[in-house]
Amino acid sequence: MALRYSCLLRPLNLNSCHQNLWKKLARCLYSKTGKWVTDFSVDTRHDVESYWKEQLELYTANQTINQEDKRPKFYVLNMFPYPSGKLHMGHVRVYTISDTIAHYHRMNGKQVLHPMGWDSFGLPAENAAIERKLKPDDWTYSNIAYMKQQLKDLSMCFNWDREVFTCSSDYYHWTQDLFVKLYKAGLAYQKESFVNWDPVDHTVLAKEQVDENGCSWRSGAVVEQKLLKQWFLKMTHYSKSLLDGLAELPHWPHGVKSMQANWIGDCSGCAFHFTLQVASSDIDLELPVHTSYPELIYGASHIILAPTHLLLKKKEFLQCLSSEVQQQLKEMDSQQIDVNLGVKAVHPLSQKLIPVFTSSRIPFQENVESRLGIPCSSCEEDQEFAARNGISYEVVLNRESQGTRLIKSDQFTGLGLDEAKDAIMQHARDLNVGGHMTSPRQFDWLISRQRYWGTPIPMINCPQCKTVPVPEEDLPVVLPKLDTLTGKGMSPLVDATDWINVECPQCGGSARRETDTMDTFVDSSWYFLRYTDPRNTEAAFGRSVANWLMPVDLYIGGKEHAIMHLLYARFINHFLHDQGLVAHKEPFTHLLTQGLVMGQSYRVASTGQYLRPDEVDANGEEPVQQGTGEKLIVKWEKMSKSKHNGVDPEETVKQYGIDTVRLFILSGIPPEHDMPWNIETVSGIIRWKNRLWSLVSRFIELRNKKDEGKKLTDMKMADYETELKKLRNTAIQDVTEQFTSDYMLSVAITRLMTLTNALRNYPDDVVRNSPAYEKALCALCIMTAPAAPLITSELWRGIAGVPYHISKHQWDCDVLLQSWPTEEAEITDQAADINILIKVNNETKGRVRVPAHLLHDEREVQRLLLDSDLGQEVIGQRSIKRVVFVSKVPLVNFILDDPS
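Below you will find a few notes about this structure. All values derive from a computational prediction rather than experimental measurement.

**A word on the overall build of the protein**
On a plain count of helices and strands, the protein comes out with 28 helices and 35 strands. Expressed as lengths along the three principal axes of its C-alpha atoms, the size of the protein is roughly 110 × 75 × 70 Å. Burial status across the protein gives 53% buried among its 900 residues. Of the contacts made within the protein by residues no fewer than 6 positions apart, 72% connect residues no fewer than 24 positions apart. Approximately 40400 Å² of the protein is accessible, and the part contributed by carbon and sulfur atoms is 48%. Of the side-chain charges in the protein, 98 are positive and 113 negative, and the distance between the mean point of each set is 4 Å.

Put into structure tokens, the structure is as follows:
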């Protein structure tokens with residue numbers, strides 16, 4: 001039998017190394033020997049995966065995309081990893097999901113962008129380098145090399161030609177360029193803020209480095225709060241835009257949108273920037289204060305600061321207050337009192353002076369540090385506060401039968417409230433004194449980090465010109481090489497004298513560079529745009545190619561990033577849209593949040609100590625500690641080295657194979673749910689792979705036998721043909737739906753298993769002579785390929801290599817180059833069946849097809865849904881409290897007694 005090679009994956013110009021490898025693999029590999037081995041043994045599996053893993057690398061190298069190509073694009077993106085050293089099962093899960101979906105869309109004739117890069121700046125690398133006496137870049141790049149090889153060993157088909165590293169100056173050049181753009185737009189500024197300070201190591205600590213007792217993870221000292229001048233980005237200017245933008249994301253999980261909306265808060269008001277009249281020149285004189293009544297700003301009579309307000313913790317400010325006021329402030333912890341600070345604030349529009357108070361009587365919302373008193377509004381608290389403290393105020397409302405209008409409000413007098421609100425806020429924006437709609441809870445993004453391993457903030461501090469941005473033509477400001485890092489003191493960049501001392505770009509005088517580096521969230525807030533044009537040396541990305549590839553069609557990542565990263569990325573994209581640099585305001589069309597991979601942990605009940613699995617005696621009714629017999633707390637928790645409940649992906653793949661691990665990760669649990677890792681249940685996947693191999697083996701055997709004549713009547717064969725066509729059509733519709741809308745890949749795999757079992761039951765005559773059977777078998781192999789590309793590549797070679805075919809396919813091309821199967825229109829009866837949406841406790845789980853004529857029979861529909869593969873997976877034997885049936889949608893919502 002002639003050996004068939006792929007039309008695109010055929011190895012060319014084999015060198016001796018390849019020849020030796022192929023000889024080694026010739027043991028039982030059909031693609032090499034032309035002889036099919038019916039037994040899918042461990043040796044067979046190993047040979048199949050070793051051979052096809054190399055072929056997939058060639059396949060990946062050919063996955064280029066071109067804007068001139070008229071095929072549609074599909075951009076599937078997973079959140080890029082921090083190069084910690086080794087992949088964990090959480091990585092494997094998210095990349096398997098994205099890789100599977102990428103394969104699907106390529107098979108549907110799309111140009112797929114499926115890039116990979118590295119979120120490679122950050123404090124962990126700096127600390128690791130300090131502990132190991134290495135340089136952070138050496139540590140980081142060695143980790144990247146190792147993890148990249150792990151991804152290739154898992155046969156992940158990424159566009160490696162678009163790989164990015166946030167710690168490379170080729171990348172952070174444009175992060176700095178983005179910062180300069182933000183600064184010039186008035187969205188980057190400095191102010192004092194508190195940081196976590198280790199008084200022993202004399203260093204700034206991230207929140208993650210402070211334990212639950214408020215102590216440093218490094219020295220054990222009680223962490224102090226230290227005031228430092230730091231850089232912020234004005235996210236509050238985009239609060240309303242970000243909140244409104246959530247309505248443009250119908251394909252995002254409702255829970256994620258709710259979390260973002262709650263984080264932003266109610267954007268019905270805005271902040272105005274008052275100026276304090278204080279004798280000290282060392283105090284930031286600008287005081288932003290939020291109000292829900294911007295249209296009544298001319299009726300503002302006082303400002304109240306929360307007792308926790310930053311001003312009340314600054315020695316310079318407290319020294320400006322009278323001794324009597326200072327004493328009252330000390331009494332606030334034990335008494336509910338109002339304190340007039342004796343300080344005035346200049347009204348930003350009327351220029352009138354109003355008093356500033358603090359109060360322990362007034363409740364403040366979380367993250368709210370001040371409030372503007374407008375007693376003429378409907379707020380009774382403002383009226384009571386004014387009366388209690390003898391504060392006079394203007395009434396700026398005139399209520400008449402024709403409506404309520406403003407009075408005593410300068411040029412806005414006579415306007416209705418809605419018209420006045422818009423006009424006053426626009427006036428404030430024109431004067432640069434606020435006026436941006438936001439919530440009282442929202443705060444700006446602090447991006448300063450007093451560490452070394454990060455993007456340098458491209459600013460210069462000049463005694464004459466104050467703060468000056470580095471000219472764009474002088475970017476990037478390259479991070480200098482440092483001989484040693486100690487982790488003590490302020491930023492290590494302070495000691496890089498040759499780097500820090502520069503000329504001011506405005507006056508030419510002596511100046512110093514900014515030594516803070518950026519929060520790594522800034523690097524990751526725009527990386528999806530760099531992937532569209534990663535080798536551009538003139539700009540962060542070309543507008544044309546970015547507008548073609550953006551927005552991201554499907555973004556996949558951990559639900560722990562539902563607020564911060566996603567909010568920051570949306571903020572930056574909204575800004576770039578306003579700058580005319582991108583066409584789409586929202587960067588991510590679909591969002592798929594995958595759950596954690598959980599490992600079983602064992603903790604000694606009396607001490608809380610975590611044990612390794614080999615320290616656990618599991619022979620009794622309940623596991624106990626070996627040697628002591630101590631009782632243990634057994635839980636499913638996020639995999640962690642410290643909890644000894646992690647799983648090494650390399651060892652797991654070595655034991656079970658790449659395809660088995662991929663299929664196991666995708667099956668059983670929907671992507672958004674946490675996944676308890678119990679590899680002992682992998683037997684179901686192994687049995688399915690064996691059935692697939694057996695199914696193709698039987699097909700090859702029967703097609704290679706001499707024609708023994710038909711044993712079935714023409715009528716019986718016609719019945720089988722019709723049955724097989726419907727079976728194939730239903731499978732295609734169900735599996736395709738999971739790849740395009742629901743993303744319940746576990747349901748897709750269950751459906752493929754069902755099709756496998758069905759095809760095993762047909763008689764030999766059908767397997768040998770039925771076009772519908774051949775098409776159904778090919779559809780099964782093609783639809784399984786995105787999830788298990790290695791075994792299906794070999795299966796397809798076997799199917800393609802039989803002596804004759806009675807259906808049309810690209811037999812000279814490998815399985816991943818086949819077109820995704822489509823339903824046969826001539827037998828599709830759209831009126832016969834209908835998809836019913838299944839919800840469990842109001843959460844969408846997927847769809848199940850049922851005969852349309854049963855919609856009037858609620859009980860029968862419920863039975864069919866519960867008996868379906870999806871029903872068994874998401875409900876099973878759990879107790880149903882009630883069922884909500886909506887025939888017009890149609891949907892069925894199962895409310896369970898046990899919500900878990």
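Back to the write-up after that little detour.
**Things to note about the packing of aromatic side chains**
Scanning all chains against the criterion turns up 33 aromatic pairs. Ring centres of Phe-158 and Trp-160 lie 5.6 Å apart, and the angle between their planes is 75°; on these two criteria the pair is classed as edge-to-face. Owing to a relative accessible area of 15%, Trp-160 belongs among the buried residues under this scheme. Centre to centre, the rings of Tyr-555 and Phe-588 are 4.2 Å apart; their planes meet at 25°, and the pair counts as stacked. Taken together, the residues Tyr-555 in strand E24 (residues 552–558) and Phe-588 in strand E25 (residues 588–594) connect sequence positions 33 residues apart. Here Tyr-555 matches Phe-588 in class, with each residue buried. Taken together, the ring pairs connect Phe-80, Tyr-527, Phe-528, Tyr-531, Tyr-555 and Phe-588 into an aromatic cluster. Lys-226 extends its terminal NZ or CZ atom over the ring of Trp-197, reaching a point 4.7 Å from the ring centre. Lying over the aromatic face of Phe-194, Lys-313 brings its terminal NZ or CZ to 5.3 Å of the ring centre.

**Considering the sheet that holds strand E2 (residues 111–113)**
Strand order in the open sheet formed by four strands is E2-E1-E24-E25, and the pairing between neighbours is parallel. Looking at strand neighbours, the two that pair on one side only are E2 and E25, the edges of this open sheet. Going across the sheet, the axis of each strand differs from the next one's by a mean of 20°, ignoring polarity. The pairing of strand E1 (residues 73–78) with E2 spans three bridges and is classified as parallel. Bridging across to E2, Tyr-75 finds its partner in Leu-113. Packed on one face of the sheet, helix H4 (residues 89–107) meets E1, E2, E24 and E25 and runs near 175° to E1.

**Some thoughts on the pattern of salt bridges**
Pairs can form between side chains of opposite charge once their charged atoms are near each other. A complete count under the given rule lists 36 salt bridges for this structure. Between Arg-449 and Asp-519 there is a salt bridge, and its shortest N-O distance comes to 3.4 Å. Linking Arg-449 in strand E18 (residues 448–449) with Asp-519 in the loop between strand E23 (517–518) and helix H15 (520–523), this pair joins segments that are 70 residues apart in sequence. Residue classification places Arg-449 among the partly exposed residues on the basis of a relative accessible area of 31%. With a closest N to O distance of 3.9 Å, Glu-701 and Lys-705 form a salt bridge. On the basis of relative accessibility, which here comes to 44%, the residue Glu-701 falls in the partly exposed class. Taken together, the shared-partner salt bridges connect Lys-86, Asp-648 and Glu-650 into one network.

**What about the sheet that holds strand E33 (residues 843–851)?**
In space, the four strands of this open sheet follow the order E33-E32-E35-E34, with mixed pairing throughout. Lying at the two open borders of the sheet, with one neighbouring strand each, are E33 and strand E34 (880–886). On average, each strand axis in the sheet is inclined to that of its neighbour by 25°, with strand direction left out of account. Strands strand E32 (833–840) and E33 of the sheet are contacted by helix H22 (residues 714–742), whose axis makes an angle of about 160° with E33. Each of E32, E33, E34 and strand E35 (891–896) is contacted by helix H27 (residues 858–867), which is oriented at about 70° to E35, the strand it contacts most.

**Things to note about helix H26 (residues 789–800)**
With 12 residues, H26 extends 16 Å from end C-alpha to end C-alpha; this agrees with the ideal 16 Å at 1.5 Å per step. For H26, the buried fraction is high: 12 of the 12 residues fall into the buried class. Pro-789, Leu-790, Ile-791, Thr-792, Ser-793, Glu-794, Leu-795, Trp-796, Arg-797, Gly-798, Ile-799 and Ala-800 are the residues of H26 that are buried.

**Observations concerning the pairing of E32**
Here E32 pairs with E33 via eight bridges, running antiparallel. The residue bridging Leu-837 from the neighbouring strand is Arg-847, located in E33. Taking the residues between adjacent antiparallel strands as the criterion, E32 and E33 are bridged by two residues, where Asn-841 takes a positive phi near 55°.

Basis of the calculations
Numbering of residues begins from 1 in every chain and follows the order in which that chain's sequence is written. For this predicted model, a pLDDT threshold of at least 70 governs which residues receive local features, and a threshold of 80 or more governs which side-chain atom pairs are given and counted, while totals over whole chains, interfaces and linings are taken from all residues. To obtain the side-chain values, all non-hydrogen atoms of the structure were used and water was disregarded. Only DSSP runs of H or I reaching four residues or more are called helices, and only runs of E reaching two or more are called strands; each is numbered from the N terminus. Exposure is judged per residue with a 1.4 Å probe applied to protein chains only, and the accessible area is read against the type maximum: over 50% gives exposed, under 20% gives buried, and values in between give partly exposed. We call two residues in contact when some of their heavy atoms are within 4.5 Å. Methods summary: accessible areas were calculated by the Shrake-Rupley approach with a probe of 1.4 Å, and residue burial reflects only the protein chains presented. Only four residue types enter the charge count: Lys and Arg as positive, Asp and Glu as negative, with His and the chain ends excluded. Lysine's charge is taken at NZ, arginine's at CZ, aspartate's at CG and glutamate's at CD. Ring pairs shown here join Phe, Tyr and Trp side chains whose ring centres sit within 6.5 Å, with only the six-membered ring taken for Trp; geometry is labelled stacked below 30 degrees between planes, edge-to-face above 60, and tilted in between. Two thresholds decide whether a charge sits over a ring: the Lys NZ or Arg CZ must be within 6 Å of the ring centre and within 35 degrees of the ring normal. Here, any two strands with at least 2 DSSP bridges between them count as paired. Comment: axis = line fitted to C-alpha atoms, over the contacting stretch for helices; angle = value between 0 and 180 degrees taken between N-to-C directions. A side-chain nitrogen of Lys or Arg and a carboxyl oxygen of Asp or Glu constitute a salt bridge if their distance falls within 4 Å. The span expected for a helix works out to 1.5 Å for each residue beyond the first.

No statement about biological role is implied by the geometric values presented.
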